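Summary of the model geometry
The primary structure of each chain is shown beneath.
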Amino acid sequence: MLRIFLLVTTLVSFSATAWASPGVDKLLNAEKAPVGVVFEVVEGDQFALDWALPHIKAQSERLKARFPAIKIAVVTHGNEQFGLAKSLESPKADRIKTLAASLSQSGTPVHVCGGHADARGISHDIFPEYIKVAPSGPAQITAYRNEGYALVILQKP
C-alpha cells in the first residue's frame, strides 16, 4: 500500500512539474496583467502540438483565472505547424486539430507561419479555416509584442 501511495505522489508531483511554466508563473505574480500573452511554439516534431496545445490551454486557464480580461494567442512556426494539415489523419493529428479548433473557437487565435510553408513548397490551403496563416511567425509574434502582449516560449517538458 505504501508503494502505491509513493507512486501516485511521485506521478502527481511530476505532472505538476512537467506542466509548470516559469514565464506564466512570473506573469501570475505580477500586480498588473499585460494586454495579452502570446505562446510561441517552435519544434522539429510534426506532432509537438499534441503536448503543446494542452499545455497552452492549461496555462491560459491559469492566466484567465487571475486576469479575466487577458488575451491569449498562439504562434507556431516550426515543423509542428504541419501537424495541423487537413489531410493528416492519425489519432495525434486528430487531437491536435480538435485542440486547435477549440482554442480558436474560444477566442484564442492560432497562427502558423506561411513563410515556413512557402519555404517547403506547401500551400497555405492545407490548414483548416480556423487556423490563421501569418506571412511570418516571428513577425506575428513581434506584432503581438508591439500591442503589449508578453511572450511565453514553450519548450517540451
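Residues numbered from 1 in each chain as written. Predicted model: local features only at pLDDT ≥ 70, side-chain atom pairs only at ≥ 80, totals over all residues. Heavy atoms only, no water.

1. Section: the sheet that holds strand E3 (residues 110-113)
Two pairing modes exist for strands in a sheet, parallel and antiparallel, and in both the strands are linked by backbone hydrogen bonds. The cut-off we apply is this: A pair of strands is labelled paired if DSSP reports no fewer than 2 bridges between them. Counting from the N terminus, the helices are the DSSP runs of H or I reaching at least four residues and the strands are the DSSP runs of E reaching at least two. Here, axes are lines fitted to C-alpha atoms. For helices the fit covers the stretch in contact, and angles between N-to-C directions go from 0 to 180 degrees. Only heavy atoms enter the contact rule, under which two residues are in contact if any of them lie within 4.5 Å.
With parallel pairing, the five strands of this open sheet are ordered in space as E4-E3-E2-E1-E5. Lying at the two open borders of the sheet, with one neighbouring strand each, are strand E4 (132-134) and strand E5 (149-154). Averaged over all neighbouring strand pairs, the angle between strand axes comes to 25°, with direction disregarded. As judged from the three bridges shared by E3 and E4, these two strands associate in the parallel manner. For Val112, the partnering residue across the bridge sits in E4 and is Val133. Contacts from helix H3 (residues 49-66) reach strand E1 (36-41), strand E2 (71-76) and E5 within the one sheet, and its direction differs from that of E1 by about 165°.

2. Description of the pairing of E1
For the record, the criterion: Exposure categories follow from relative accessible area, calculated using a 1.4 Å probe and restricted to protein chains: below 20% of the type maximum is buried, above 50% is exposed, and the middle band is partly exposed. Seen with the strands pointing away from the viewer, any crossover whose path from the first strand over the helix to the second strand runs clockwise is right-handed.
Among the six residues that make up E1, six are buried, leaving the element largely enclosed by the rest of the structure. Burial of the side chains of E1 extends over both faces: Gly36, Val38 and Glu40 are buried on one face and Val37, Phe39 and Val41 on the other. Sheet topology places E1 next to E2; six bridges connect them, and they run parallel. For Val37, the partnering residue across the bridge sits in E2 and is Ile72. With H3 bridging E1 and its parallel neighbour E2, the resulting β-α-β unit is right-handed.

3. Topic: the side chain of Glu80
Stated precisely, the cut-off is as follows: Charged residues are defined narrowly, with Lys and Arg counted positive, Asp and Glu counted negative, and His plus the chain ends left uncounted. What counts as a salt bridge is simple: a side-chain nitrogen of Lys or Arg found within 4 Å of a carboxyl oxygen of Asp or Glu. Contacts described as polar in this section are N or O atom pairs within 3.5 Å, which, within protein, must combine one atom able to donate a hydrogen with one able to accept it, while residues neighboring in sequence count only if both atoms come from side chains.
Its location among the elements puts Glu80 in the loop between E2 and helix H4 (91-105). Despite its burial, Glu80 remains without a salt bridge, the nearest opposite charge being carried by Arg120 at 8.8 Å. A distance of 2.4 Å separates the side chain of Glu80 from the side chain of Thr76, its partner in a polar contact. A distance of 3.2 Å separates a polar atom in the side chain of Glu80 from the backbone nitrogen of His77. Not counting residues up to four positions away in its chain, the partners in contact with Glu80 are Val41, Val42, Glu43, Asp45, Gln46, Ala48 and Leu49.

4. Overview of the pairing of E3
The side-chain alternation of E3 yields two buried faces, one formed by Val110 and Val112 and the other by His111 and Cys113. When E2 meets E3, the two strands line up parallel, connected through three bridges. Across the sheet, residue Thr76 finds its bridge partner in E3, namely Val112. Note that the unit made of E2, H4 and E3 has a crossover that is right-handed. Traced from E3 through helix H5 (residues 114-119) to E4, the parallel crossover comes out right-handed.

5. What to know about the pattern of salt bridges
This model, assessed by the stated rule, comprises three salt bridges. Across the salt bridge formed by Arg95 and Asp50, the nearest N and O atoms sit 2.8 Å from each other. In this pair, Arg95 sits in helix H4 while Asp50 sits in helix H3, placing the two residues 45 residues apart along the sequence. The exposure class of Arg95 is partly exposed, given its relative accessible area of 41%. Judged by relative accessible area, Asp50 falls into the buried class, the value being 18%.

6. Here's the deal with the packing of aromatic side chains
This is how the line gets drawn: Any two of the Phe, Tyr and Trp rings considered here, Trp counted by its six-membered ring, make a pair once their centres fall within 6.5 Å; the pair's planes then place it as stacked at under 30 degrees, edge-to-face at over 60, or tilted in between.
Tallying each qualifying case throughout the model produces two aromatic pairs. Here Phe82 and Phe127 contribute two aromatic rings whose centre-to-centre distance is 6.2 Å and whose plane-to-plane angle is 25°, an arrangement assigned as stacked. Taken together, the residues span a long stretch of sequence, with Phe82 in the loop between E2 and H4 and Phe127 in the loop between H5 and E4 at a distance of 45 residues. The same class applies to Phe82 and to Phe127, which are both buried. When the centroid spacing of 4.6 Å and the interplanar angle of 55° are considered together, the rings of Tyr144 and Tyr149 count as tilted.

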